[in-house]
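Structural description and commentary
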Amino acid sequence: MAQQVSTPKGTRDFGPAEMNRRNYIFNTIKDVFHNYGFSQIETPAMESLSTLLGKYGAEGDKLLFKILNSGNFTDKISKESLDAQNYIEITNNISEKGLRYDLTVPFARFVVQHRNDIVFPFKRYQIQPVWRADKPQKGRYREFYQCDVDIIGSKSLFNEYELIQIIDDVFARLGISVTLKLNNRKILSGIAEAIGEADKFVAITVAIDKIDKIGLEKVEEELRANGLSDNAIAKLRPILTNKGNTEETFKLIESIIGNTETGKAGIEEMNVIFGYIREHKLGINVELDLSLARGLNYYTGAIFEVKANDVEIGSICGGGRYDNLTGIFGLKDVSGVGVSFGADRIYDVMTQLELFPKQTDEYSTALFVNFGQNEEKACIEIAGKLRKEGISCVVFPEKSKLDKQFKFANSQNIPYVIIIGESEIANGTATIKNMATGKQTTVSQNEIVNFIK
RNA sequence: GUGGAUGUAGCUCAGCUGGUUAGAGUACCGGAUUGUGGUUCCGAGGGUCGAGGGUUCGAAUCCCUUCUUCCACCCCA
(Lines give C-alpha, C1' and ligand atoms only; values in the text may rest on other atoms or scores of the structure.)
Protein backbone atom coordinates (compact mmCIF):
# COMPACT_ATOMS: atom_id res chain seq x y z
CA MET A 1 0.00 0.00 0.00
CA ALA A 2 2.86 2.30 -0.76
CA GLN A 3 0.89 4.26 -3.30
CA GLN A 4 -2.69 5.34 -2.85
CA VAL A 5 -4.84 4.22 -5.72
CA SER A 6 -8.58 4.15 -6.06
CA THR A 7 -11.37 4.23 -8.60
CA PRO A 8 -12.94 7.63 -9.23
CA LYS A 9 -15.74 8.75 -6.96
CA GLY A 10 -18.90 6.74 -7.36
CA THR A 11 -17.32 4.02 -9.48
CA ARG A 12 -16.38 0.53 -8.37
CA ASP A 13 -14.33 -2.51 -9.23
CA PHE A 14 -16.11 -5.83 -9.30
CA GLY A 15 -14.18 -8.82 -8.03
CA PRO A 16 -14.86 -12.45 -8.93
CA ALA A 17 -17.38 -12.96 -6.14
CA GLU A 18 -19.34 -9.89 -7.15
CA MET A 19 -19.19 -10.73 -10.83
CA ASN A 20 -20.63 -14.19 -10.14
CA ARG A 21 -23.58 -12.55 -8.49
CA ARG A 22 -23.91 -9.74 -10.99
CA ASN A 23 -23.90 -12.21 -13.84
CA TYR A 24 -26.62 -14.17 -12.13
CA ILE A 25 -28.78 -11.05 -12.27
CA PHE A 26 -27.84 -10.19 -15.85
CA ASN A 27 -28.40 -13.74 -17.04
CA THR A 28 -31.76 -13.99 -15.33
CA ILE A 29 -32.93 -10.73 -16.84
CA LYS A 30 -31.56 -11.62 -20.27
CA ASP A 31 -33.28 -14.96 -20.13
CA VAL A 32 -36.63 -13.34 -19.50
CA PHE A 33 -36.06 -10.79 -22.27
CA HIS A 34 -35.28 -13.59 -24.71
CA ASN A 35 -38.37 -15.41 -23.57
CA TYR A 36 -40.44 -12.53 -24.84
CA GLY A 37 -38.62 -12.29 -28.14
CA PHE A 38 -36.48 -9.23 -27.55
CA SER A 39 -33.15 -8.91 -29.31
CA GLN A 40 -30.04 -7.23 -28.03
CA ILE A 41 -28.28 -4.10 -29.18
CA GLU A 42 -25.41 -2.04 -27.86
CA THR A 43 -24.56 1.61 -28.39
CA PRO A 44 -21.37 3.56 -27.67
CA ALA A 45 -20.54 4.77 -24.19
CA MET A 46 -20.41 8.28 -25.57
CA GLU A 47 -22.91 10.22 -27.63
CA SER A 48 -22.83 13.64 -29.19
CA LEU A 49 -23.88 16.20 -26.64
CA SER A 50 -26.52 17.38 -29.08
CA THR A 51 -28.34 14.06 -28.82
CA LEU A 52 -28.07 14.03 -25.04
CA LEU A 53 -28.76 17.59 -23.99
CA GLY A 54 -32.28 18.76 -23.31
CA LYS A 55 -33.80 15.30 -23.00
CA TYR A 56 -33.66 14.90 -19.25
CA GLY A 57 -34.63 18.32 -18.03
CA ALA A 58 -32.38 21.00 -16.63
CA GLU A 59 -31.32 18.80 -13.73
CA GLY A 60 -30.39 15.97 -16.06
CA ASP A 61 -28.21 18.21 -18.22
CA LYS A 62 -26.19 19.14 -15.17
CA LEU A 63 -25.55 15.49 -14.40
CA LEU A 64 -24.12 14.71 -17.82
CA PHE A 65 -20.47 13.76 -17.89
CA LYS A 66 -18.90 15.74 -20.68
CA ILE A 67 -15.86 14.65 -22.62
CA LEU A 68 -13.14 17.14 -23.35
CA ASN A 69 -12.28 17.56 -27.03
CA SER A 70 -8.91 16.27 -28.12
CA GLY A 71 -6.18 18.55 -29.29
CA ASN A 72 -5.57 22.14 -28.42
CA PHE A 73 -8.96 23.71 -27.97
CA THR A 74 -7.78 26.89 -26.32
CA ASP A 75 -7.90 28.87 -29.56
CA LYS A 76 -11.63 28.21 -29.72
CA ILE A 77 -12.27 30.02 -26.49
CA SER A 78 -12.72 33.73 -26.81
CA LYS A 79 -10.96 35.97 -24.36
CA GLU A 80 -14.26 37.60 -23.49
CA SER A 81 -15.96 34.37 -22.44
CA LEU A 82 -12.88 33.37 -20.48
CA ASP A 83 -12.72 36.67 -18.67
CA ALA A 84 -16.44 36.54 -17.98
CA GLN A 85 -16.01 32.96 -16.69
CA ASN A 86 -18.88 32.05 -18.97
CA TYR A 87 -18.59 28.31 -18.38
CA ILE A 88 -21.59 27.42 -20.54
CA GLU A 89 -20.11 29.02 -23.60
CA ILE A 90 -16.68 27.67 -22.82
CA THR A 91 -18.08 24.18 -22.33
CA ASN A 92 -19.81 24.35 -25.70
CA ASN A 93 -16.52 25.17 -27.31
CA ILE A 94 -14.36 22.53 -25.73
CA SER A 95 -16.73 19.58 -25.44
CA GLU A 96 -18.99 17.99 -28.00
CA LYS A 97 -19.39 14.48 -26.60
CA GLY A 98 -20.79 13.12 -23.36
CA LEU A 99 -21.18 9.79 -21.59
CA ARG A 100 -24.65 8.36 -21.94
CA TYR A 101 -27.04 9.20 -19.14
CA ASP A 102 -29.51 6.42 -19.87
CA LEU A 103 -30.18 3.87 -22.59
CA THR A 104 -33.49 5.21 -23.88
CA VAL A 105 -32.27 8.35 -25.60
CA PRO A 106 -29.38 6.57 -27.34
CA PHE A 107 -31.93 3.95 -28.39
CA ALA A 108 -34.14 6.62 -29.93
CA ARG A 109 -31.10 7.90 -31.80
CA PHE A 110 -30.33 4.35 -32.88
CA VAL A 111 -33.85 3.83 -34.20
CA VAL A 112 -33.80 7.04 -36.18
CA GLN A 113 -30.35 6.38 -37.57
CA HIS A 114 -31.15 2.81 -38.61
CA ARG A 115 -34.79 3.31 -39.49
CA ASN A 116 -34.40 1.61 -42.86
CA ASP A 117 -33.01 -1.56 -41.33
CA ILE A 118 -35.54 -1.86 -38.55
CA VAL A 119 -38.78 -3.77 -38.79
CA PHE A 120 -41.45 -2.33 -36.53
CA PRO A 121 -42.57 -3.07 -33.95
CA PHE A 122 -38.98 -3.36 -32.83
CA LYS A 123 -38.36 -5.20 -29.58
CA ARG A 124 -34.89 -4.58 -28.29
CA TYR A 125 -33.05 -4.96 -25.04
CA GLN A 126 -29.80 -3.35 -24.00
CA ILE A 127 -27.65 -4.01 -20.95
CA GLN A 128 -24.89 -1.45 -20.54
CA PRO A 129 -23.50 1.00 -18.03
CA VAL A 130 -24.68 4.59 -17.86
CA TRP A 131 -23.04 7.53 -16.11
CA ARG A 132 -24.41 10.34 -14.01
CA ALA A 133 -22.39 13.05 -12.30
CA ASP A 134 -24.54 12.72 -9.22
CA LYS A 135 -23.27 12.92 -5.67
CA PRO A 136 -22.91 9.26 -4.72
CA GLN A 137 -24.79 7.65 -1.87
CA LYS A 138 -25.91 4.17 -1.06
CA GLY A 139 -27.75 2.79 -4.06
CA ARG A 140 -26.62 5.77 -6.07
CA TYR A 141 -23.58 5.38 -8.24
CA ARG A 142 -21.91 7.45 -10.90
CA GLU A 143 -21.51 4.41 -13.07
CA PHE A 144 -24.24 1.80 -13.03
CA TYR A 145 -25.85 -0.75 -15.29
CA GLN A 146 -29.28 -0.45 -16.74
CA CYS A 147 -31.12 -3.31 -18.35
CA ASP A 148 -33.56 -1.75 -20.79
CA VAL A 149 -36.39 -3.43 -22.67
CA ASP A 150 -38.38 -1.38 -25.11
CA ILE A 151 -40.96 -1.95 -27.80
CA ILE A 152 -40.91 0.82 -30.35
CA GLY A 153 -43.20 1.38 -33.30
CA SER A 154 -46.41 0.19 -31.71
CA LYS A 155 -48.97 2.24 -29.84
CA SER A 156 -50.83 -0.77 -28.53
CA LEU A 157 -51.28 -0.90 -24.78
CA PHE A 158 -50.64 -4.61 -25.08
CA ASN A 159 -46.98 -3.59 -24.97
CA GLU A 160 -47.43 -1.95 -21.59
CA TYR A 161 -48.96 -5.15 -20.35
CA GLU A 162 -46.15 -7.23 -21.77
CA LEU A 163 -43.64 -5.11 -19.87
CA ILE A 164 -45.64 -5.74 -16.72
CA GLN A 165 -45.42 -9.46 -17.40
CA ILE A 166 -41.69 -9.14 -17.84
CA ILE A 167 -41.35 -7.25 -14.57
CA ASP A 168 -43.42 -9.95 -12.91
CA ASP A 169 -41.22 -12.71 -14.36
CA VAL A 170 -37.89 -11.07 -13.57
CA PHE A 171 -38.61 -10.40 -9.92
CA ALA A 172 -40.27 -13.79 -9.46
CA ARG A 173 -37.12 -15.46 -10.74
CA LEU A 174 -34.86 -13.30 -8.60
CA GLY A 175 -37.06 -13.91 -5.59
CA ILE A 176 -37.57 -10.23 -4.79
CA SER A 177 -40.92 -9.16 -3.41
CA VAL A 178 -41.92 -5.94 -5.18
CA THR A 179 -44.76 -3.54 -5.80
CA LEU A 180 -45.33 -2.14 -9.25
CA LYS A 181 -46.72 1.36 -9.28
CA LEU A 182 -48.42 2.66 -12.38
CA ASN A 183 -49.53 6.09 -13.38
CA ASN A 184 -50.05 8.03 -16.56
CA ARG A 185 -48.69 11.35 -17.70
CA LYS A 186 -52.02 12.12 -19.34
CA ILE A 187 -53.77 11.73 -16.02
CA LEU A 188 -51.23 14.07 -14.45
CA SER A 189 -51.70 16.73 -17.10
CA GLY A 190 -55.46 16.18 -16.88
CA ILE A 191 -55.20 17.02 -13.19
CA ALA A 192 -53.24 20.18 -13.94
CA GLU A 193 -55.86 21.11 -16.49
CA ALA A 194 -58.83 20.31 -14.26
CA ILE A 195 -57.58 22.51 -11.44
CA GLY A 196 -56.99 25.30 -13.92
CA GLU A 197 -53.17 25.30 -13.76
CA ALA A 198 -52.25 23.52 -16.96
CA ASP A 199 -49.07 25.54 -17.40
CA LYS A 200 -47.80 24.53 -13.93
CA PHE A 201 -47.80 20.89 -14.90
CA VAL A 202 -44.18 20.19 -13.99
CA ALA A 203 -44.37 21.92 -10.61
CA ILE A 204 -47.54 20.01 -9.80
CA THR A 205 -46.15 16.61 -10.69
CA VAL A 206 -42.96 17.23 -8.76
CA ALA A 207 -44.95 18.31 -5.74
CA ILE A 208 -47.34 15.35 -5.93
CA ASP A 209 -44.35 13.07 -6.17
CA LYS A 210 -43.09 14.26 -2.79
CA ILE A 211 -46.28 13.76 -0.84
CA ASP A 212 -45.14 10.56 0.88
CA LYS A 213 -41.84 12.10 1.82
CA ILE A 214 -42.65 15.56 3.11
CA GLY A 215 -46.39 15.44 3.78
CA LEU A 216 -49.41 17.44 2.74
CA GLU A 217 -48.53 20.69 4.43
CA LYS A 218 -45.13 21.12 2.85
CA VAL A 219 -46.37 20.04 -0.56
CA GLU A 220 -49.05 22.70 -0.44
CA GLU A 221 -46.49 25.21 0.70
CA GLU A 222 -44.34 24.35 -2.29
CA LEU A 223 -47.29 24.60 -4.66
CA ARG A 224 -48.17 28.00 -3.29
CA ALA A 225 -44.56 29.07 -3.75
CA ASN A 226 -44.85 27.96 -7.35
CA GLY A 227 -47.77 30.29 -7.85
CA LEU A 228 -50.76 27.97 -7.61
CA SER A 229 -53.95 29.57 -6.39
CA ASP A 230 -55.54 28.45 -3.13
CA ASN A 231 -58.52 27.37 -5.13
CA ALA A 232 -56.41 25.10 -7.31
CA ILE A 233 -54.66 23.66 -4.26
CA ALA A 234 -58.01 22.91 -2.65
CA LYS A 235 -59.09 21.07 -5.76
CA LEU A 236 -55.87 19.11 -5.71
CA ARG A 237 -56.19 18.11 -2.07
CA PRO A 238 -58.34 14.97 -2.55
CA ILE A 239 -55.67 13.65 -4.90
CA LEU A 240 -52.84 14.44 -2.53
CA THR A 241 -54.54 12.77 0.41
CA ASN A 242 -55.81 9.82 -1.58
CA LYS A 243 -55.04 6.55 0.16
CA GLY A 244 -57.53 4.46 -1.73
CA ASN A 245 -56.83 1.23 -3.57
CA THR A 246 -56.67 1.12 -7.34
CA GLU A 247 -60.41 0.87 -7.77
CA GLU A 248 -61.15 3.77 -5.46
CA THR A 249 -58.40 5.81 -7.08
CA PHE A 250 -59.97 5.25 -10.47
CA LYS A 251 -63.31 6.55 -9.17
CA LEU A 252 -61.70 9.58 -7.58
CA ILE A 253 -59.76 10.54 -10.64
CA GLU A 254 -62.77 9.99 -12.89
CA SER A 255 -64.75 12.48 -10.84
CA ILE A 256 -62.04 15.11 -11.03
CA ILE A 257 -60.64 14.88 -14.53
CA GLY A 258 -63.24 12.79 -16.38
CA ASN A 259 -64.32 15.75 -18.41
CA THR A 260 -60.90 16.91 -19.55
CA GLU A 261 -59.79 15.48 -22.84
CA THR A 262 -56.29 14.35 -21.94
CA GLY A 263 -57.39 13.19 -18.53
CA LYS A 264 -60.08 11.04 -20.03
CA ALA A 265 -57.62 9.54 -22.48
CA GLY A 266 -55.25 8.73 -19.63
CA ILE A 267 -57.98 7.04 -17.62
CA GLU A 268 -58.98 4.98 -20.62
CA GLU A 269 -55.41 3.84 -21.15
CA MET A 270 -55.07 2.80 -17.56
CA ASN A 271 -58.39 0.98 -17.75
CA VAL A 272 -57.13 -1.06 -20.66
CA ILE A 273 -53.88 -1.89 -18.87
CA PHE A 274 -55.60 -2.85 -15.64
CA GLY A 275 -58.05 -4.85 -17.72
CA TYR A 276 -55.19 -7.04 -18.89
CA ILE A 277 -53.95 -7.33 -15.35
CA ARG A 278 -57.33 -8.44 -14.01
CA GLU A 279 -57.77 -10.95 -16.77
CA HIS A 280 -54.45 -12.74 -16.35
CA LYS A 281 -53.07 -13.53 -12.96
CA LEU A 282 -49.81 -11.87 -11.93
CA GLY A 283 -47.55 -12.66 -9.02
CA ILE A 284 -46.72 -9.08 -8.11
CA ASN A 285 -48.91 -6.43 -6.63
CA VAL A 286 -49.81 -3.65 -9.09
CA GLU A 287 -51.37 -0.39 -8.01
CA LEU A 288 -52.47 2.83 -9.59
CA ASP A 289 -50.50 5.51 -7.78
CA LEU A 290 -51.26 9.12 -8.62
CA SER A 291 -48.24 10.30 -6.69
CA LEU A 292 -45.93 8.59 -9.14
CA ALA A 293 -44.42 11.20 -11.44
CA ARG A 294 -41.27 10.09 -13.17
CA GLY A 295 -38.95 12.98 -13.69
CA LEU A 296 -37.70 12.19 -17.14
CA ASN A 297 -39.19 14.72 -19.47
CA TYR A 298 -39.94 12.50 -22.41
CA TYR A 299 -42.69 10.30 -20.98
CA THR A 300 -46.13 10.92 -22.44
CA GLY A 301 -48.35 8.01 -21.37
CA ALA A 302 -48.08 5.19 -18.86
CA ILE A 303 -45.27 5.41 -16.32
CA PHE A 304 -43.87 2.54 -14.28
CA GLU A 305 -41.94 2.25 -11.10
CA VAL A 306 -40.98 -0.83 -9.13
CA LYS A 307 -40.05 -0.75 -5.47
CA ALA A 308 -38.69 -3.55 -3.37
CA ASN A 309 -41.06 -4.30 -0.53
CA ASP A 310 -38.42 -5.24 2.02
CA VAL A 311 -35.56 -2.81 1.36
CA GLU A 312 -35.45 0.95 1.46
CA ILE A 313 -33.50 1.88 -1.67
CA GLY A 314 -35.58 3.91 -4.12
CA SER A 315 -36.87 2.36 -7.29
CA ILE A 316 -35.18 -0.68 -8.77
CA CYS A 317 -36.97 -0.49 -12.09
CA GLY A 318 -38.76 2.26 -13.91
CA GLY A 319 -39.96 3.37 -17.30
CA GLY A 320 -42.83 4.57 -19.39
CA ARG A 321 -44.21 5.42 -22.78
CA TYR A 322 -42.68 8.09 -24.96
CA ASP A 323 -44.49 9.26 -28.07
CA ASN A 324 -42.13 11.91 -29.37
CA LEU A 325 -38.62 10.85 -28.55
CA THR A 326 -37.67 9.82 -32.07
CA GLY A 327 -39.45 12.91 -33.31
CA ILE A 328 -36.74 15.03 -31.73
CA PHE A 329 -34.27 13.29 -34.03
CA GLY A 330 -36.47 13.68 -37.06
CA LEU A 331 -38.58 10.52 -37.18
CA LYS A 332 -42.16 11.25 -36.31
CA ASP A 333 -45.04 9.04 -35.18
CA VAL A 334 -42.92 6.27 -33.74
CA SER A 335 -44.17 5.65 -30.25
CA GLY A 336 -42.25 3.48 -27.85
CA VAL A 337 -42.57 2.11 -24.37
CA GLY A 338 -39.98 0.52 -22.15
CA VAL A 339 -38.66 -0.10 -18.69
CA SER A 340 -35.22 -0.22 -17.22
CA PHE A 341 -34.00 -2.59 -14.53
CA GLY A 342 -31.35 -1.13 -12.25
CA ALA A 343 -28.91 -4.02 -11.91
CA ASP A 344 -26.80 -2.41 -9.20
CA ARG A 345 -29.72 -1.66 -6.93
CA ILE A 346 -31.16 -5.11 -7.54
CA TYR A 347 -27.77 -6.43 -6.49
CA ASP A 348 -27.90 -4.37 -3.30
CA VAL A 349 -31.41 -5.58 -2.51
CA MET A 350 -30.49 -9.21 -3.11
CA THR A 351 -27.34 -8.91 -1.04
CA GLN A 352 -29.18 -7.37 1.87
CA LEU A 353 -31.92 -9.99 1.72
CA GLU A 354 -29.46 -12.83 1.03
CA LEU A 355 -31.41 -13.93 -2.02
CA PHE A 356 -28.56 -15.23 -4.15
CA PRO A 357 -28.76 -18.99 -4.66
CA LYS A 358 -25.86 -20.92 -3.24
CA GLN A 359 -24.64 -22.02 -6.67
CA THR A 360 -24.00 -18.40 -7.57
CA ASP A 361 -20.99 -18.38 -5.27
CA GLU A 362 -19.54 -21.62 -6.63
CA TYR A 363 -16.63 -20.90 -8.92
CA SER A 364 -16.65 -24.44 -10.20
CA THR A 365 -18.43 -27.75 -9.54
CA ALA A 366 -15.53 -30.11 -8.92
CA LEU A 367 -11.86 -30.02 -7.99
CA PHE A 368 -9.44 -32.81 -8.87
CA VAL A 369 -6.81 -33.29 -6.23
CA ASN A 370 -3.30 -33.35 -7.65
CA PHE A 371 -1.04 -36.09 -6.30
CA GLY A 372 1.68 -35.79 -8.88
CA GLN A 373 2.44 -36.47 -12.51
CA ASN A 374 0.83 -39.88 -12.92
CA GLU A 375 -2.36 -39.01 -11.13
CA GLU A 376 -2.52 -35.67 -12.91
CA LYS A 377 -2.63 -37.46 -16.27
CA ALA A 378 -5.69 -39.43 -15.22
CA CYS A 379 -7.33 -36.28 -13.89
CA ILE A 380 -6.79 -34.39 -17.12
CA GLU A 381 -8.53 -37.16 -19.04
CA ILE A 382 -11.50 -37.36 -16.72
CA ALA A 383 -11.80 -33.59 -16.37
CA GLY A 384 -12.08 -33.42 -20.15
CA LYS A 385 -15.02 -35.81 -20.04
CA LEU A 386 -16.78 -33.83 -17.34
CA ARG A 387 -16.37 -30.62 -19.29
CA LYS A 388 -17.88 -32.24 -22.38
CA GLU A 389 -20.90 -32.92 -20.21
CA GLY A 390 -21.04 -29.28 -19.25
CA ILE A 391 -19.67 -29.78 -15.76
CA SER A 392 -17.22 -27.11 -14.73
CA CYS A 393 -14.18 -28.59 -13.04
CA VAL A 394 -10.66 -27.71 -12.02
CA VAL A 395 -7.51 -29.78 -11.77
CA PHE A 396 -5.33 -28.40 -9.02
CA PRO A 397 -2.30 -27.15 -10.94
CA GLU A 398 0.44 -28.70 -8.80
CA LYS A 399 1.14 -31.38 -6.30
CA SER A 400 0.79 -30.00 -2.85
CA LYS A 401 -0.48 -30.92 0.52
CA LEU A 402 -4.05 -32.13 0.58
CA ASP A 403 -4.74 -29.67 3.30
CA LYS A 404 -4.01 -26.83 0.92
CA GLN A 405 -5.99 -28.33 -1.94
CA PHE A 406 -9.04 -28.88 0.22
CA LYS A 407 -8.80 -25.40 1.60
CA PHE A 408 -8.70 -24.12 -1.94
CA ALA A 409 -11.88 -26.03 -2.82
CA ASN A 410 -13.45 -24.64 0.29
CA SER A 411 -12.59 -21.04 -0.47
CA GLN A 412 -13.96 -21.40 -4.00
CA ASN A 413 -17.16 -23.00 -2.72
CA ILE A 414 -16.51 -25.99 -4.93
CA PRO A 415 -19.05 -28.63 -3.83
CA TYR A 416 -17.17 -31.77 -4.92
CA VAL A 417 -13.56 -32.80 -4.52
CA ILE A 418 -12.50 -35.73 -6.64
CA ILE A 419 -9.61 -37.77 -5.34
CA ILE A 420 -7.74 -39.99 -7.75
CA GLY A 421 -4.61 -41.32 -6.17
CA GLU A 422 -2.51 -44.43 -6.58
CA SER A 423 -5.11 -46.88 -5.31
CA GLU A 424 -7.94 -45.29 -7.32
CA ILE A 425 -5.90 -45.52 -10.50
CA ALA A 426 -5.18 -49.17 -9.80
CA ASN A 427 -8.90 -49.86 -9.33
CA GLY A 428 -10.25 -47.53 -12.01
CA THR A 429 -12.21 -45.66 -9.38
CA ALA A 430 -12.47 -42.17 -7.95
CA THR A 431 -13.26 -41.02 -4.45
CA ILE A 432 -15.70 -38.12 -4.44
CA LYS A 433 -16.05 -35.98 -1.38
CA ASN A 434 -19.17 -33.91 -0.92
CA MET A 435 -17.81 -30.79 0.74
CA ALA A 436 -21.09 -29.80 2.28
CA THR A 437 -21.80 -33.07 4.05
CA GLY A 438 -18.23 -34.33 4.34
CA LYS A 439 -19.39 -37.68 3.00
CA GLN A 440 -17.04 -39.65 0.72
CA THR A 441 -18.12 -42.08 -1.93
CA THR A 442 -16.01 -44.29 -4.14
CA VAL A 443 -17.37 -44.80 -7.65
CA SER A 444 -15.97 -46.17 -10.86
CA GLN A 445 -14.45 -43.49 -13.05
CA ASN A 446 -17.26 -43.86 -15.61
CA GLU A 447 -19.87 -42.99 -13.05
CA ILE A 448 -18.45 -39.64 -11.98
CA VAL A 449 -20.60 -37.65 -14.39
CA ASN A 450 -23.81 -39.28 -13.22
CA PHE A 451 -22.83 -38.93 -9.59
CA ILE A 452 -22.32 -35.21 -9.87
CA LYS A 453 -25.15 -34.36 -12.26
C1' G B 1 -24.61 21.42 -6.82
C1' U B 2 -25.85 22.90 -1.07
C1' G B 3 -25.44 21.23 4.09
C1' G B 4 -23.62 17.42 7.68
C1' A B 5 -20.80 13.04 9.34
C1' U B 6 -16.74 9.59 8.36
C1' G B 7 -11.64 7.36 7.38
C1' U B 8 -6.73 3.28 12.38
C1' A B 9 -3.90 -4.17 9.69
C1' G B 10 -7.00 -7.48 3.67
C1' C B 11 -12.05 -7.06 6.68
C1' U B 12 -14.86 -5.42 11.42
C1' C B 13 -13.45 -2.16 15.06
C1' A B 14 -10.81 -0.35 20.15
C1' G B 15 -7.24 3.46 21.23
C1' C B 16 -9.32 8.69 27.59
C1' U B 17 -8.83 15.96 27.97
C1' G B 18 -2.03 15.42 22.80
C1' G B 19 2.81 11.73 26.16
C1' U B 20 7.31 5.77 25.38
C1' U B 21 7.60 0.64 20.69
C1' A B 22 -0.62 1.90 18.01
C1' G B 23 -4.01 -2.89 19.96
C1' A B 24 -8.13 -6.88 19.54
C1' G B 25 -11.20 -10.15 16.70
C1' U B 26 -11.22 -12.17 12.01
C1' A B 27 -8.79 -13.33 7.41
C1' C B 28 -3.96 -14.68 5.42
C1' C B 29 0.80 -17.58 5.86
C1' G B 30 3.66 -21.54 8.55
C1' G B 31 3.44 -25.70 12.02
C1' A B 32 0.66 -29.82 15.06
C1' U B 33 -1.26 -33.27 10.31
C1' U B 34 3.29 -35.44 3.15
C1' G B 35 -4.56 -39.17 1.54
C1' U B 36 -8.74 -34.84 3.67
C1' G B 37 -11.33 -28.69 4.01
C1' G B 38 -15.10 -26.13 7.00
C1' U B 39 -14.08 -27.22 14.14
C1' U B 40 -9.33 -27.08 17.71
C1' C B 41 -4.15 -25.76 19.39
C1' C B 42 0.72 -23.14 18.61
C1' G B 43 3.59 -19.50 15.91
C1' A B 44 4.81 -15.62 12.37
C1' G B 45 4.04 -11.60 9.08
C1' G B 46 1.22 -7.37 8.04
C1' G B 47 0.04 -0.14 9.80
C1' U B 48 4.72 6.56 7.47
C1' C B 49 -3.33 5.86 11.78
C1' G B 50 -6.91 8.29 3.91
C1' A B 51 -3.35 12.14 1.64
C1' G B 52 -0.81 16.97 2.09
C1' G B 53 0.40 21.03 5.16
C1' G B 54 0.35 23.57 10.09
C1' U B 55 0.50 24.15 15.76
C1' U B 56 3.69 21.65 19.55
C1' C B 57 9.48 19.51 23.04
C1' G B 58 5.96 15.67 21.34
C1' A B 59 0.05 14.49 16.91
C1' A B 60 -3.81 8.55 15.29
C1' U B 61 -5.63 12.52 18.84
C1' C B 62 -5.82 19.81 17.84
C1' C B 63 -6.24 23.37 13.20
C1' C B 64 -6.42 24.08 7.67
C1' U B 65 -6.70 21.93 2.70
C1' U B 66 -7.88 17.76 -0.28
C1' C B 67 -9.76 12.84 -1.42
C1' U B 68 -13.05 8.59 -0.18
C1' U B 69 -17.37 6.59 1.82
C1' C B 70 -21.99 7.59 4.15
C1' C B 71 -26.50 10.82 5.42
C1' A B 72 -30.08 14.88 4.16
C1' C B 73 -31.76 18.19 0.17
C1' C B 74 -32.16 17.93 -5.21
C1' C B 75 -32.90 14.21 -8.50
C1' C B 76 -33.00 9.18 -9.82
C1' A B 77 -31.77 2.88 -11.47
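Residues numbered from 1 in each chain as written. Chains lettered and ligands numbered in written order. Predicted model: local features only at pLDDT ≥ 70, side-chain atom pairs only at ≥ 80, totals over all residues. Heavy atoms only, no water.

1. Re helix α17 (residues 402-411)
Taken together, the buried positions of α17 are occupied by Gln405, Phe406 and Ala409. Around the axis of α17, the buried residues are gathered within 95° of arc, so they sit on the same side. Among the exposed residues of α17, those pointing more than 90 degrees away from its buried face are Lys407 and Asn410. The inward-facing, buried residues of α17 contact β12 (366-368), β14 (416-419) and β15 (429-434). (Buried < 20%, exposed > 50% of the residue type's maximum accessible area, 1.4 Å probe, protein only. Helix = DSSP H or I, 4+ residues; strand = E, 2+ residues; numbered from the N terminus. Arc of directions from axis to C-beta. Contact = heavy atoms within 4.5 Å.)

2. Describing the nonpolar core
Among the nonpolar cores identified, the biggest contains 99 residues, and Ile167, Phe171, Leu182, Phe304, Phe341 and Ile346 are the most heavily contacted of them. With 19 residues, the next largest nonpolar core counts Phe368, Tyr416, Ala430 and Ile452 among its residues. (Core = buried A, V, L, I, M, F, W, Y, C linked by side-chain atoms within 4.5 Å.)

3. Here's the deal with the packing of aromatic side chains
Working definition: an aromatic ring pair is given by the centre-to-centre distance plus the angle between the planes. Following the criterion strictly, the structure yields 17 aromatic pairs and no others. With centroids separated by 5.3 Å and ring planes inclined at 55°, the aromatic side chains of Phe33 and Tyr125 adopt a geometry described as tilted. With Phe33 in helix α1 (residues 16-35) and Tyr125 in strand β5 (residues 122-131), this pair connects stretches of sequence that are 92 residues apart. Across the pair, Tyr125 and Phe33 agree in class, each one buried. (Phe/Tyr/Trp six-rings, centres within 6.5 Å; stacked < 30°, edge-to-face > 60°.)

4. Some details on the environment of Asp333
Tracing the backbone shows Asp333 in the loop between α14 (325-328) and β11 (336-342). Assessed through its relative accessible area of 70%, Asp333 is described here as exposed. Through-space distance from the C-alpha of Asp333 to that of Lys155 is 9.5 Å; in sequence the pair is 178 residues apart.

5. Let's talk about unusual backbone geometry
For the bond from Phe120 to Pro121, the omega torsion is -5°, close enough to zero to count as cis. You can see Pro121 is positioned in the loop between α6 (104-113) and β5. In the Ramachandran plot, Asn413 falls in the positive-phi region, its phi being about 55° despite a non-glycine side chain. In this fold, Asn413 is placed in the loop between α17 and β14.

6. What to know about the packing of helix α8 (residues 185-194) against helix α9 (residues 201-209)
Across the interface, α8 lies against α9 with an axial gap of 9 Å and an inter-helix angle of 110°. Judged on the interaxial angle alone, α9 and α8 are roughly perpendicular. The handedness of the crossing between α8 and α9 comes out as right-handed. Between α8 and α9, the residues in contact are Arg185, Leu188, Ser189 and Ala192 and Phe201, Ile204, Thr205 and Ile208, respectively. (Axes fitted to C-alpha atoms, helices over the stretch in contact; angles between N-to-C directions. Parallel < 35°, antiparallel > 145°, perpendicular 65-115°, else oblique. Left-handed = near helix turned anticlockwise from the far one by under 90°.)

7. Examining the confidence of the model for chain A
The pLDDT averaged across chain A works out to 91; a share of 99% of its residues lies at or above 70. Summarising per-element confidence for chain A, the mean pLDDT is lowest in helix α4 (residues 79-83) (76) and highest in strand β1 (residues 39-40) (98). (pLDDT = per-residue confidence, 0-100.)

8. Details of the pairing of β15
Here 4 bridges tie β14 to β15, and the two strands are oriented antiparallel to one another. Bridged to Ile418 within β15 is Ile432. Of the strand pairs in this sheet, β15 and strand β16 (residues 440-444) are connected by 5 bridges, and their pairing is antiparallel. Considered in β16, the bridge of Ala430 is made with Val443. The antiparallel pairing of β15 with β16 creates a hairpin that spans 5 residues between the two strands, and Gly438 there sits at a positive phi of about 80°. (Pairing = 2+ DSSP bridges.)

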